[in-house]
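Structural overview for review
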Amino acid sequence: MEPLIELKGVVKEFRSVPPVRPLDGVSLAVAPGRIVAVTGVSGKGKSTLLNVMGGLLRADEGSVLYHGTDLVRASAAEIDAVHRCGIGFVFQSPYLFPALTARENMVMALRAAGQPVDGGAIDAMLEEVGLTDRADHLPAELSVGQKRRLVLARVLLAKHDLLLADEPTNDLDADWSDEVFGRFRAFVAEGERSVVVVTHDEAYARQADEVYVLEEGKLARREEVTPC
Ligand SMILES: Nc1ncnc2c1ncn2[C@@H]1O[C@H](COP(=O)(O)OP(=O)(O)OP(=O)(O)O)[C@@H](O)[C@H]1O
C-alpha cells in the first residue's frame, strides 16, 4: 500500500552555538489507516520530526513526500494548501483564539480549512470531548485539560487525512488519555487517514500500530517482544 507520507534520509540541523542535529538521516513511511507513535527522551528531536513532517520546518537534506509533493521543496502556497486540507496539527501547547469561545474556535478552524460549518457536528464533537457546558466560554475560562480537549476536538472535526499530534495527552488524566486514543482510532478507521503521535509515555505509545524511538538523530522501530 502506498504510504500516506514518506520521509527519506531527512537531516535537520539547527545552526546554533553549538549546532544541534536532531534528525540525522531519518526515514519513515506511514501507511494509511495506521497510528504511529514516536517516543524518546526529552530534547532528542521528536517535535522537530513532527514539524519537518508537517512542512512547518524545512529539512536540510532528504525528502518528505505527501501526496506527491515534496514538502522540503514545496512553495509556501503549496504548504498552505497542505495545512488547510491535508495535514492537521496538535501542538504541544494548546493554541486557541483567546477572544473566541470554545464553539467559535471550532467554527474558525472549519472556516480556515475551507470546510462547511455544521453546527450539529460541532456540538456533537464538543459533547464527545466533554465540553458541552463550556461551549460558550473563552479559553481563559477553561482548565488546561479542557483547553487540550478543545484543541483535539477542533482538529478532529476538520477533515484532514494526516494528524500530527505532539504530546496530546499532556494535562489529561488516564481516562481522557484513553478517550483521545479512541478518537485517534476512530479517525484512522474513517478511510485513508493516519495519525503520528509523539509521546514520552511508553505505555501510551504501546497502543499504537507501530512504535519508533528517536535517538541520536536516528529513528528505530521498536519491535514487540512477545512474552514467553
Ligand atoms: N529553533 C531551534 N534552534 C536551535 N535549537 C533548537 C531549535 N528547536 C529545537 N532545538 C533543539 O533541538 C533539539 C530537539 O528539540 P525538540 O523540541 O525537537 O526535542 P523533543 O524530543 O521534542 O523534546 P521534548 O520531549 O522535551 O519536547 C533540542 O536540543 C533543542 O534544544
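Residues numbered from 1 in each chain as written. Predicted model: local features only at pLDDT ≥ 70, side-chain atom pairs only at ≥ 80, totals over all residues. Heavy atoms only, no water.

For the protein, an unreviewed UniProt entry supplies the name ATP-binding cassette domain-containing protein and the organism Adlercreutzia rubneri.

With that settled, consider helix α6 (residues 174-189). For α6, built from 16 residues, the straight-helix expectation of 22 Å at 1.5 Å per residue is met to within 8% by its first-to-last C-alpha distance of 23 Å. Residues of α6 that are buried: Ser177, Val180, Phe181, Arg183, Phe184, Phe187 and Val188. Buried residues along α6 cover an arc of 155 degrees about the axis, so they all sit on one side. More than 90 degrees from the buried face of α6, the exposed residues found are Asp175 and Ala189. Of the surrounding elements, those touching the buried residues of α6 are β3 (35-39), α4 (119-128), α5 (144-157), β7 (162-166), β8 (194-198) and α7 (202-205). Phi turns positive, to about 90 degrees, at Gly191, one or two residues after α6. (Helix = DSSP H or I, 4+ residues; strand = E, 2+ residues; numbered from the N terminus. Expected span 1.5 Å × (residues − 1). Buried < 20%, exposed > 50% of the residue type's maximum accessible area, 1.4 Å probe, protein only. Arc of directions from axis to C-beta. Contact = heavy atoms within 4.5 Å.)

Contacts to the ligand come from 13 residues, most closely from Ser42, Gly43, Lys46, Ser47 and Thr48. A distance of 2.8 Å separates an oxygen atom of the ligand from a polar atom in the backbone of Gly43. Within the backbone of Ser47, an N or O atom sits 2.8 Å from an oxygen atom of the ligand. Alone, the ligand offers 640 Å² of accessible surface; in the complex the protein occludes 61% of this. (Near = heavy atom within 4 Å. Polar contact = N/O pair within 3.5 Å; in protein donor to acceptor, adjacent residues only side chain to side chain. Areas by Shrake-Rupley, 256 points an atom, 1.4 Å probe, with all protein chains shown as cover.)

Summed over the entire model, instances satisfying the criterion amount to 14 salt bridges. With its nearest N and O atoms 2.9 Å apart, the salt bridge here joins Arg21 to Glu13. Connected through shared salt-bridge partners, Glu13, Arg21, Asp24 and Lys218 make up one network. (Salt bridge = Lys/Arg side-chain N within 4 Å of Asp/Glu carboxyl O.)

A word on the packing of aromatic side chains. Each aromatic ring pair is described using two quantities: the centre-to-centre distance and the angle formed by the ring planes. Overall, the coordinates contain three aromatic pairs when judged by the stated rule. Note on Phe91 and Tyr95: the rings are 5.6 Å apart at their centroids and 70 degrees apart in plane angle, and the pair reads as edge-to-face. By relative accessible area, Phe91 is classed as partly exposed at 32%. Tyr95 sits in the exposed class, given a relative accessible area of 52%. Ring geometry for Phe181 versus Tyr204: centroids 5.4 Å apart, planes at 90 degrees, classification edge-to-face. Placement of Phe181 in helix α6 and of Tyr204 in helix α7 is noted, with a sequence separation of 23 residues between them. On the basis of relative accessibility, which here comes to 5%, the residue Phe181 falls in the buried class. Residue classification places Tyr204 among the buried positions, given a relative accessible area of 4%. Following the ring pairs from residue to residue traces out a cluster consisting of Phe89, Phe91 and Tyr95. The positively charged end of Arg193 is found above the aromatic ring belonging to Phe187, 3.9 Å away from the centroid. (Phe/Tyr/Trp six-rings, centres within 6.5 Å; stacked < 30°, edge-to-face > 60°. Lys NZ or Arg CZ within 6 Å of the ring centre and 35° of its normal.)

In this section: a nonpolar patch on the surface. A cluster of nonpolar side chains, contributed by Leu56, Phe91 and Tyr95, occupies part of the molecular surface with about 290 Å² of accessible area. Locating Tyr95 in the fold gives a position in the loop between β6 (87-90) and α3 (102-112). (Patch = residues over 30% accessible without salt bridge, like charges linked within 9 Å, V, L, I, M, F, W, Y side chains within 5 Å.)

By definition, the strands of a sheet pair up through backbone hydrogen bonds, in either a parallel or an antiparallel sense. The antiparallel open sheet is built from four strands, whose spatial order is β2-β1-β4-β5. Looking at which strands have only one partner, the edges of the open sheet turn out to be β2 (20-30) and β5 (69-70). Pairing between strand β1 (residues 5-14) and β2: seven bridges, direction antiparallel. Among the inter-strand pairings, Glu6 is bridged to a residue of β2, identified as Ala29. (Pairing = 2+ DSSP bridges.)

On to the environment of Val151. On the secondary structure map, Val151 appears in helix α5. Along the sequence, Val151 and Glu141 sit ten residues apart, while their C-alpha atoms lie 15 Å from each other.

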